[in-house]
Amino acid sequence: MALDRWVALVILLICMVYGYTAFFMMDGALPPFMQRNPIWPSTFPKVLSVLAIITALIIVLGLEKGAAEPKPMDINYRRLTDYKLGQALALLGIMVAYALLLRPAGFLIATSGFLIIGAAVLGERKFQYLVPIAIMAAAGIWYLVQEVLGIFLRPWPFFLTTGG
């Protein structure tokens, strides 16, 4: 089985667990007044899981491919060493570090750092543009989430906000 089908199989399994949670576990704790609403908090996860399961099944079954011959631009799992695995693994490591540092470092520092380091790993070298754009993007997202949506998102580390 090709690499894209293995990845689709893993995504299919994850989406099936996500769909099971959305269909059978999320709506149990709804208050009675919300049970009469046409749209519940689980509506989007249900739609998302069904669409993702359908898409993953199409890839696993190979229905998206017209011919059995691999095209030159397809991923060849036998030649994985020809791809830029170092960049991909570094980016995955940066994502894990971002998730671990989000609370202790605060949203603005963690997000700006993730954007700057991630872009540098992917090859961006114009830091005079990269740094201000990453900081403005992180600040803009924080403003939208905090002020517009009203969801609390700690912008700075604990030691800068609590004084100790």
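All figures in this text were calculated on a predicted structure; none of them were measured in a lab. (Residues numbered from 1 in each chain as written. Predicted model: local features only at pLDDT ≥ 70, side-chain atom pairs only at ≥ 80, totals over all residues. Heavy atoms only, no water.)

We now examine the overall build of the protein chain. Across its full length, the protein chain carries 6 helices and 0 strands. Each helix and strand of the protein chain, ordered N terminal to C terminal, gives the series α-α-α-α-α-α. Looking at the protein chain as a whole, 21% of its 164 residues qualify as buried. As displayed, the protein chain offers around 12,100 Å² of accessible surface, 73% of which is attributable to carbon and sulfur atoms. (Helix = DSSP H or I, 4+ residues; strand = E, 2+ residues; numbered from the N terminus. Buried < 20%, exposed > 50% of the residue type's maximum accessible area, 1.4 Å probe, protein only. Areas by Shrake-Rupley, 256 points an atom, 1.4 Å probe, with all protein chains shown as cover.)

Take Ser 49: it is sitting in helix α2 (residues 43-61). Relative accessible area serves as the criterion here: at 1%, Ser 49 is assigned to the buried category. In this structure the side chain of Ser 49 is engaged in a polar contact, spanning 2.9 Å, whose partner is the backbone oxygen of Lys 46. Apart from the residues lying within four places of it in its own chain, the contact partners of Ser 49 are Cys 15, Tyr 18, Gly 19 and Phe 23. (Polar contact = N/O pair within 3.5 Å; in protein donor to acceptor, adjacent residues only side chain to side chain. Contact = heavy atoms within 4.5 Å.)

A pair of packed helices is captured by two measures, namely the crossing angle of their axes and the spacing between those axes. As a packed pair, helix α3 (residues 85-105) and helix α4 (residues 107-121) sit with axes 8 Å apart at the nearest point and diverge in direction by 170°. Viewed along their axes, α3 and α4 adopt a mutual orientation that is roughly antiparallel. Contacts between α3 and α4 pair Gln 87, Ala 90, Leu 91, Ile 94, Met 95, Tyr 98, Leu 101, Leu 102 and Ala 105 from the former with Phe 107, Ile 109, Ala 110, Thr 111, Phe 114, Ile 117, Gly 118 and Val 121 from the latter. (Axes fitted to C-alpha atoms, helices over the stretch in contact; angles between N-to-C directions. Parallel < 35°, antiparallel > 145°, perpendicular 65-115°, else oblique.)

Right, let's get into α4. Along an α-helix, residues three or four apart share an orientation, since each turn contains 3.6 residues. Between the first and last C-alpha of α4 there are 21 Å, a value that for 15 residues agrees with the 21 Å anticipated at 1.5 Å per step. Those residues of α4 that sit buried are Phe 107, Leu 108, Ala 110, Thr 111, Ser 112, Ile 116, Gly 118 and Ala 120. Residues of α4 that are buried in the fold lie against α3 and α5 (127-148). Phi turns positive, to about 115°, at Gly 123, one or two residues after α4. (Expected span 1.5 Å × (residues − 1).)

Here we come to the environment of Pro 104. Topologically, Pro 104 is positioned in helix α3. Its relative accessible area of 44% is what places Pro 104 among the partly exposed residues. With 53 residues separating them along the chain, Pro 104 and Pro 157 place their C-alpha atoms 5.6 Å apart. Each residue touching Pro 104, except ones within four places of it in the same chain, is listed here: Pro 157 and Phe 158.

With that settled, consider the confidence of the model for the protein chain. For residues with low pLDDT, the predicted coordinates do not support detailed interpretation. When pLDDT is averaged across the protein chain, the result is 84; 87% of the residues are at 70 or more. Summarising per-element confidence for the protein chain, the mean pLDDT is lowest in helix α6 (residues 158-161) (71) and highest in α4 (94). (pLDDT = per-residue confidence, 0-100.)

Within the secondary structure, Thr 111 sits in helix α4. Exposure remark for Thr 111: the relative accessible area of 6% places this residue in the buried category. A distance of 2.8 Å separates a polar side-chain atom of Thr 111 from the backbone oxygen of Phe 107.

What follows is about the packing of α4 against α5. Where α4 meets α5, the axes come as close as 9 Å, and the angle between the chain directions of the two elements is 145°. You can see that α4 and α5 cross each other, and the crossing is right-handed. For the pair α4 and α5, contact is made by Phe 107, Leu 108, Thr 111, Ser 112, Leu 115, Ile 116, Ala 119 and Ala 120 and by Phe 127, Leu 130, Val 131, Ala 134, Ile 135, Ala 137, Ala 138, Ala 139, Ile 141 and Trp 142, respectively. Residue classes in the contact of α4 with α5 are distributed as 16 nonpolar, 2 polar and no charged. (Left-handed = near helix turned anticlockwise from the far one by under 90°. Nonpolar A, V, L, I, M, F, W, Y, C, P; charged D, E, K, R; others polar.)

Once that is clear, we can look at a nonpolar patch on the surface. A contiguous nonpolar patch, built from Tyr 20, Phe 23, Phe 24, Met 25, Val 50, Ile 54, Leu 57, Ile 58, Leu 61 and Leu 63 and spanning about 1,000 Å² of accessible area, is present on the exposed surface. Mapped onto the nonpolar patch, the elements with two or more residues apiece are α1 (3-25) and α2. Here Ile 58 is to be found in helix α2. (Patch = residues over 30% accessible without salt bridge, like charges linked within 9 Å, V, L, I, M, F, W, Y side chains within 5 Å. Salt bridge = Lys/Arg side-chain N within 4 Å of Asp/Glu carboxyl O.)

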